[in-house]
Amino acid sequence: MKRITNIAILGSTGSIGRSSLDVIEALPDRFRITYLTAHRNIDLLSEQTRRFQPHGVVVRDEAHAQRLRSQVNSSTEVLSGEDALLDIVSRPDVDLVISALVGFAGLRPTLRAIEAGKDIALANKETLVVGGALIMEKVRAHGVHLLPIDSEHSAILQCLQGEDIRSVGRLILTASGGPFLNLSHEEICRVTPGQALKHPTWSMGSKITIDSATLMNKGLEVIEAHWLFGLPSDRIEVIVHPQSIIHSMVEFVDGSVKAQLGIPDMKLPIQYALTYPERPPSMFKRVDFSEIARLTFQKPDMERFPCLSLAYRVLQEGGTAPAVLNAANEAAVQLFLEERIPFTGIPEMIADALDAIPAESELTLDAILRADRDARTFVAHHTVLHTH
Ligand code: NAD
Ligand code: MG
């Protein structure tokens, strides 16, 4: 009989975390949850703890830990803080870590898990954006598997099965185009957080939903694809495909193109990452082609959506430039959500941060942390100057 895989989920209360729990619950003879972590959503975490009976859970701080302890069985250890995240991912009762925190917070726990020899199912794309070279080097050194949960990268991995990577011509990432695909520049200047949070095809956490509206999400995915599949940026292309049925494509040197299709639901890429290279049967909704009727494509407009070209720019620059882009983006998205800058202020803020903060060429953890801090400080000061 196959050994059961022990799983820790970083960010179990998030959109990816919740879908992951549904996938795992449907495959009880393969997986067992040993750790769950969340930031602040104690009510949901306590419900998940009762449902999955993990060995331990981690929350943001001691105050949240106290609240959780009063709601759950004492056989579950309740810990708090970032050090506890670093601790649990290296424990012997963890075989695989689902990295599903949002943003830069995912970097250190993911890195620690790799160093402890754990396999990784990666939703937290920001980890590869800021630390790609370092992460891939550690993945090789520790002989772990790192499998993408992002739907585009899962699609590419599926298209590459049975193929030689040297026969790949280019990767074609599909993008929904977000809610503002057909708005003019003037209209885009006036959009509100409420409008930006309504994604046409996917239901996700707020940060990635804003990233999808600016097309920064696709820019981050270009960088992610570069590190996962080892192709240079001029062989990674983006095409807007508003129906989100084709999740991405691979064009081979002979001109043949393979695509992976499915309904927009993250459960499929999550299950593929957890069971790779097997495909257990699932109850996920099927594609109904007569209902879809049409699949359409258009080129992305980098003038109305400058975030995408900024991502290509930092991938060329290398070193800590992607970490500056990522931190400036996280800070600017937060400011937009708080209605302190307009939507178009997001790419402006990022471009200014990239111009002001020189990239370091050697990518150490310290250099990444410095770049992240400097970019956040820059955006904070810049905003004060703009609003006074
Ligand atoms: P989310 O906001 O729904 O969930 C984030 C989770 O991380 C929550 O459990 C939250 O408690 C926890 N968290 C947030 N900040 C934290 C911090 N500072 N320290 C510790 N924990 C913290 O986000 P999501 O949509 O599930 O996205 C998670 C990651 O997956 C992101 O990197 C996103 O880009 C990626 N991703 C998401 C989707 C999707 O469909 N949602 C698709 C592809 C990739
Ligand atoms: Mg994606």
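These remarks concern the structure in this document. (Residues numbered from 1 in each chain as written. Chains lettered and ligands numbered in written order. Predicted model: local features only at pLDDT ≥ 70, side-chain atom pairs only at ≥ 80, totals over all residues. Heavy atoms only, no water.)

### Let's talk about a nonpolar patch on the surface
Together, L261, F289, L295 and F297 give the surface a local cluster of nonpolar side chains, amounting to about 350 Å² of exposed area. By secondary structure assignment, the location of L295 is in the loop between α13 (289-292) and α14 (306-317). (Patch = residues over 30% accessible without salt bridge, like charges linked within 9 Å, V, L, I, M, F, W, Y side chains within 5 Å. Areas by Shrake-Rupley, 256 points an atom, 1.4 Å probe, with all protein chains shown as cover. Salt bridge = Lys/Arg side-chain N within 4 Å of Asp/Glu carboxyl O. Helix = DSSP H or I, 4+ residues; strand = E, 2+ residues; numbered from the N terminus.)

### Things to note about the site of ligand 1
Around ligand 1, the surrounding shell holds 21 residues, and the nearest of these are T13, I16, H39, E126 and G205. Residue I16 places a main-chain N or O atom 2.9 Å away from an oxygen atom belonging to ligand 1. With respect to ligand 1, the backbone of A123 contributes an N or O atom lying 3.4 Å from an oxygen atom. Here ligand 1 has 840 Å² of accessible area as a free molecule, and 85% of this is covered by the chains. For the shell around ligand 1, the elements supplying multiple residues, two or more each, are α1 (15-25) and α6 (125-142). In terms of residue class, the shell around ligand 1 is made up of 10 nonpolar, 8 polar and 3 charged. Taken together, domain 1 (5-148) and domain 2 (153-264 + 303-387) each give at least three residues to the shell around ligand 1, which thus spans both. (Near = heavy atom within 4 Å. Polar contact = N/O pair within 3.5 Å; in protein donor to acceptor, adjacent residues only side chain to side chain. Nonpolar A, V, L, I, M, F, W, Y, C, P; charged D, E, K, R; others polar. Domains from an automatic or database assignment.)

### Here we look at helix α12 (residues 267-275)
Of all 9 residues making up α12, 7 are buried, and the element is well covered by its neighbours. For α12, every residue scored as buried is listed here: P269, I270, Q271, Y272, A273, L274 and T275. (Buried < 20%, exposed > 50% of the residue type's maximum accessible area, 1.4 Å probe, protein only.)

### Digging into the coordination of the magnesium ion (ligand 2)
Protein ligation of the magnesium ion (ligand 2) involves D150 (OD), E152 (OE) and E221 (OE), the donor distances falling in the range 2.1 to 2.3 Å. The sequence pattern describing where the donors of the magnesium ion (ligand 2) fall on their chain is D-x1-E-x68-E. Remark: E221 occurs in helix α11 (residues 216-229) and D150 occurs in the loop between β7 (146-148) and α7 (151-160); sequence separation between them is 71 residues. For D150, a relative accessible area of 7% gives the class buried. (Donors = N, O, S within 2.8 Å, 3.2 Å for Na, K, Ca; no water.)

### Regarding the sheet that holds strand β5 (residues 96-99)
Spatially, β4-β3-β2-β1-β5-β6-β7 is the arrangement adopted by the 7 strands of the open sheet, whose pairing is parallel. The outermost strands of the open sheet, each flanked by one partner alone, are β4 (77-80) and β7. Averaged over neighbouring strand pairs, the angle between their axes works out to 25° when direction is ignored. Here strand β3 (residues 56-59) runs beside β4; their pairing, made up of 4 bridges, is parallel. Bridged to G56 within β4 is E77. (Pairing = 2+ DSSP bridges. Axes fitted to C-alpha atoms, helices over the stretch in contact; angles between N-to-C directions.)

### Section: the packing of aromatic side chains
Tallied over the entire structure, the rule returns 3 aromatic pairs. Measuring from centroid to centroid gives 5.2 Å for F180 and F343, while their planes differ by 85°, and the two rings are edge-to-face. Here F180, found in the loop between β8 (168-175) and α8 (185-189), pairs with F343, found in the loop between α15 (321-337) and α16 (345-356); they are 163 residues apart in sequence, far enough to count as distant. Look at F180 and you get buried, because its relative accessible area is 3%. (Phe/Tyr/Trp six-rings, centres within 6.5 Å; stacked < 30°, edge-to-face > 60°.)

### Observations concerning the nonpolar core
Nonpolar side chains in soluble globular proteins generally cluster together in the buried interior. The biggest cluster of nonpolar side chains holds 123 residues, and the ones touching the most others in it are I98 and L274. The dominant element in this core, judged by the number of residues it contributes, is α15, at 11 residues. In terms of domain composition, this core takes at least three residues from each of domain 1 (5-148) and domain 2 (153-264 + 303-387). Beyond its immediate sequence surroundings of up to four residues, I98 is in contact with I7, A8, I9, L10, S20, I24, A121, I149 and L274. (Core = buried A, V, L, I, M, F, W, Y, C linked by side-chain atoms within 4.5 Å. Contact = heavy atoms within 4.5 Å.)

### Here we look at the side chain of S176
Note that S176 resides in the loop between β8 and α8. In this structure the side chain of S176 is engaged in a polar contact, spanning 3.2 Å, whose partner is the side chain of H199. If we ignore the near neighbours within four places in the chain, the residues touching S176 are L181, H199, T201, V240, H241, P242 and S244.

### So, the pattern of salt bridges
One pass over the full model with this rule turns up 30 salt bridges. Put simply, E62 and R69 hold a salt bridge, and the shortest N to O gap is 3.0 Å. In this structure E62 comes out as partly exposed when scored by relative accessible area, which is 39%. Ionic pairing is found between D374 and R373, a salt bridge with its closest N-O pair at 3.8 Å.

### A closer look at the sheet that holds strand β11 (residues 257-261)
Sheet strands pair by backbone hydrogen bonding; their relative direction is either parallel or antiparallel. Spatially, 4 strands are ordered β9-β8-β10-β11 in an open sheet, and the strand pairing comes out mixed. Where the open sheet ends on each side, the last strands, each with one partner, are β9 (236-240) and β11. Going across the sheet, the axis of each strand differs from the next one's by a mean of 20°, ignoring polarity. Where strand β10 (residues 246-252) meets β11, 5 bridges bridge the pair, whose relative direction is antiparallel. For V250, the partnering residue across the bridge sits in β11 and is K258. Contacts between α11 and the sheet are confined to β8 and β9, with β8 contributing the most and set at about 150° to the helix.

### Observations regarding α1
Along α1, the residues that are buried comprise I16, G17, S19, S20, L21, V23 and I24. Looking at the buried positions of α1, the neighbouring elements they touch are β1 (5-10), β2 (31-37), α2 (42-52), β5 and α12.

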